[in-house]
Amino acid sequence: MENIKNNPQFSGLTDSEVKSRITRDGYNELQGSKSRSFWAIMFGVVKEPMFLLLVACGTLYMLLGDIEEGFMLLGFVFVVMGIEFYQERKSEKALDALKDLASPRALVIRNNSEIRISGREVVCDDIIVLQEGDRIPADATVLQSVNLLVDESLLTGESVPVRKHDWEGESGDIQPGGDDQPFVYSGSMVVQGNGLAKVTHTGMNTQIGKIGKSISEVEESPSRLKKEIGSLVKYLTITGAILFVVVIALYTLTRGDLLQGFLAGITLAMAMLPEEFPVVLTIFMAVGAWRISKKRVLTRQPNAIETLGSATVLCTDKTGTLTENKMKVTKLYNKEDYWTAKSTGDFPEEYHDIIEYGILSSQVNPFDPMEKAINNMGDSFLKGTEHLHADWDMLKEYSLSKELLAMSRVFRSKSSNRLVIAAKGAPEAIFELCHLPAGIQKKYAEAVQTMASEGLRVLGVARSSVPKSQLPEIQHDFDFEFVGLIGLSDPIRPQVPQAVKECHQAGIRVIMITGDYPVTAQNIAEEIGLHNYSECITGAELTEMDEAELSEKIKTIDVFARVVPEQKLKIVNALKRNNEVVAMTGDGVNDAPALKAADIGIAMGEKGTDVAREASELVLMDDNFGSIVDAVKMGRRIFDNLQKALGYIFAIHVPIAGLSLIPVLFSGWPLILWPVHVVFLELIIDPACSVIFEAEQAEKNVMSRPPRKINEAFFGAKKILISCFQGIWILIATLGVYFLTLETGYEIGEVRAMTFATLIFANIATILTNRSWESSIFTILRTPNKTVKWVTGGAALFILLVLTVPFLQNLFQFTPVNVWEIAITYVIGMSTMIWFEIYKHIVLKRQV
């Protein structure tokens, strides 16, 4: 490499050398992971209990002649398949986005001439030409450069460009980030200067390729809710199948009628098979995604909704997530006093020179974010004043170097016979150029320290003038005068402190993970209101920790600084080992592996990269950190309402199953329910659990209670017991009507009609009381929900029709009953909610 560096021609590779390297290393692109075949995915779907349940229920309905219900259930089979295909393609999409990002056009030297080629055709040992505004096509070593600054924010997350210098024998095993390195990386961008570099790594061997490899290797586990519902459905299905066989056998042995026994068995199987579970889960996730989108949050993975309300930790990148990802002049020092920038107000005259010479020492149309910030300051406050010099001609530029971290620009003034020199750079370098006395230098150094302690990036500014004669060779030969200091920061988004506060109120811990310096990170952490902002772990310290030590320390640390992408993934994994439910926000390529590994990956939509979006479950469409809080609230609401819906399903299936089973056990008792009755009940149950409960408003304390514990079942034994007790109470009430009417001499048609009517009214009462597990029925009735009147009103209308219309009476095997008998069934049915209302009152009283 040294010989090449000393060769001024840089002839580059020949065509044959390029071909041999492509044969050896392949093209400069990221390889996708091997995808499963269509049949492999199909087989995986078919094995799932939810799939089997949907097929079984749909087939049963089809056999019973209910074609529409059967087609609807079988239709959800394709929904399940679609979800599986989506999961399978997710990693491939993330890698495809990386391919597009990592394959720009490239200017290379081959056969002694410059040619522009596709980024995928770049090979190892190619000489690439680096120019301002170019995206670098591969990892490379800088051979020659002039004032080269590179934006590596896609890899490091930090918006400030880093300086590059010529290679002097350093090892290539250095991570991106940090100044004065001779290495450039694929996917980063040249923001200033130019140079030549020799390609060292292409494709999957680049730093961005390693990130792609990390994404493809992250395993995604099924959501907890999906596993829990699948397990519950499996047990209920097995129980239903066993009882199905038992009922057929009992009925045939005691009553000698196999066909009727088969119908009785099907009735019980339909009552036991909770086909609503997978349907409700699918509907809640789909409609929930639509509701969350109204909060400016796009749901790419519906299963994230169920996890969102349970999040206990939110890991967030600083740059572009908590901050605006653009530099801003925050503070100035004019050798005596400080001035702090405000959104409105005057800009004192005594600070104008600092910005004037800061602009002169910057590019006219800069790429560098700090130079942009200085220029914006001039546009805001100095427009129309004598401090802006668009008509001056620049004669020479003294570039920043490793030895002197300052740059100077020489201008010809239209109104003077002298040349004006403006310089800016690291404060120490500016002090050196100004040849300051020790006492004065100490004073200014203290000012630098004061500004740096506030998390600001500090630049020194100086000026000089010389007669219009020959310019010196080096900057040191000018007689510079120190002008002042410029403190720049990446300002936080205005809504972030309130959003962090709301996260804390909701029991969600916020952790900031950044590649920036600890002082800057801790200042930002204090400003946004993070807990424990005074403590910080750096990337270097993180490297030395084993998993056990990190898992222990991470329990109290909320700020991580100087972190590289692989360490972000390590942090997320450590939190998950502590049984935390981790949400991770990010916008850069560097965030993608951690986004995918987190329980909930949240990408920025406007400034986020395709890679981050494809690796995430949620996307903030307006890049508003505050939208996360709205999404968490909506996630908790959906979670609560899904629990209510499943509780209602349990409660109403208990009496249906009981009324289907109990009469079969005694040969002298007439059966109450047949398949037509269960199908009619499903016409109420399905819209109730999928429409009413989904549209229910959030509970008042939804954002003031801690997240659900990680080891707590979504629908645990306590909730199942409460729901089943509701169902048992309804079963007792309906059996009471059944036995009472039998004992008092009612015909079987009347007995069935009054028992069924009681069950329907009890169903309506269960819907109403389960709308909230915290508010009383009187509060519930005052809480608007437009869907309630349609579903409950429709149920009441249907029961009146089947009790009075002769055709429907025959279909349901009813005998006409009078108004008073209907009224009695109404009172008994509605009274079944009383015990649950008492239970809610006792629980609420304990909470107070």
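Figured I'd write up the structure that's included with this text. (Residues numbered from 1 in each chain as written. Predicted model: local features only at pLDDT ≥ 70, side-chain atom pairs only at ≥ 80, totals over all residues. Heavy atoms only, no water.)

## Brief notes about the overall build of the chain
As a reminder of what qualifies: Only DSSP runs of H or I covering at least 4 residues are called helices, and only runs of E covering at least 2 are called strands; the numbering of each starts at the N terminus. Burial classification: accessible surface area is computed with a 1.4 Å probe over protein chains only, and a residue below 20% of its type maximum counts as buried, one above 50% as exposed, and the rest as partly exposed. Every residue pair with non-hydrogen atoms within 4.5 Å of one another is taken to be in contact. Areas reported as accessible are Shrake-Rupley estimates using a 1.4 Å probe. Residue values count occlusion only from the protein chains shown.
Helices and strands together make up the secondary structure of the chain, namely 32 helices and 22 strands. Classification of the 848 residues of the chain by burial places 55% in the buried group. When contacts within the chain are restricted to residue pairs at least 6 apart in sequence, long-range pairs at least 24 apart make up 72% of them. A total accessible area of about 36,000 Å² is found for the chain, and carbon and sulfur atoms account for 57% of it.

## What to know about helix H16 (residues 438-452)
We apply this condition: A helix is expected to span 1.5 Å for every residue after the first. Working note: the arc is built from the helix axis to C-beta atom directions.
Taking 1.5 Å per residue as the helical rise, H16 with its 15 residues ought to reach 21 Å, and the 20 Å between its terminal C-alpha atoms agrees with that figure. Among all positions in H16, only Tyr-444, Ala-447, Val-448 and Met-451 are buried. Within H16, the buried residues cover an arc of 100° as seen down the axis, which keeps them to one side. Across from the buried face of H16, at angles greater than 90 degrees, the exposed residues are Ala-438, Gly-439, Lys-442 and Gln-449. Contacts from the buried residues of H16 go to strand S10 (328-333), strand S11 (338-340), helix H15 (427-434), strand S15 (457-467) and strand S16 (481-489).

## Concerning the sheet that holds strand S13 (residues 406-412)
Using the following cut-off: Pairs of strands are assigned from DSSP output, requiring at least two bridges between the strands. To define axes, lines are fitted to C-alpha atoms, for helices over the stretch in contact only, and angles between the resulting N-to-C directions are given on a 0 to 180 degree scale.
Strands sit in the order S11-S10-S16-S15-S14-S13-S12 across an open sheet of seven strands; the sheet is antiparallel. Looking at strand neighbours, the two that pair on one side only are S11 and strand S12 (393-398), the edges of this open sheet. Neighbour-to-neighbour, the strand axes of the sheet open up by a mean angle of 25°, direction not taken into account. Bridge count for strand S14 (residues 418-425) against S15 is eight bridges, and the pairing is antiparallel. The residue of S15 that forms the bridge with Gly-425 is Gly-460.

## Things to note about the sheet that holds strand S22 (residues 618-620)
Two modes of strand pairing occur in sheets, parallel and antiparallel, and in both the strands are linked by backbone hydrogen bonds. Pairing in this open sheet of eight strands is mixed, and the strands run S8-S22-S21-S20-S9-S17-S19-S18 from one edge to the other. Strand pairing shows two members of the sheet lacking a second neighbour, strand S8 (297-299) and strand S18 (537-538), which therefore form its edges. Note: strand S9 (residues 313-317) against strand S17 (residues 509-513), five bridges, orientation parallel. Paired with Val-313 across the two strands is Arg-509, which belongs to S17. Running over the sheet, helix H18 (residues 518-528) touches S17, S18 and strand S19 (559-561) and is turned about 155° from S19.

## A closer look at the nonpolar core
Counted only if it meets this: Take the buried Ala, Val, Leu, Ile, Met, Phe, Trp, Tyr and Cys residues and link them wherever side-chain atoms come within 4.5 Å; each set so joined is a nonpolar core.
Core analysis: the biggest nonpolar cluster contains 101 residues, and Phe-277, Phe-756 and Leu-803 have the highest contact counts within it. Those residues in contact with Leu-803, other than ones at most four positions away along the chain, are Ala-753, Ala-757, Gln-809, Phe-814, Pro-816, Val-817 and Ile-822. Grouped together as the second largest cluster of nonpolar side chains are 27 residues, Ile-421, Phe-431, Met-451 and Val-466 included.

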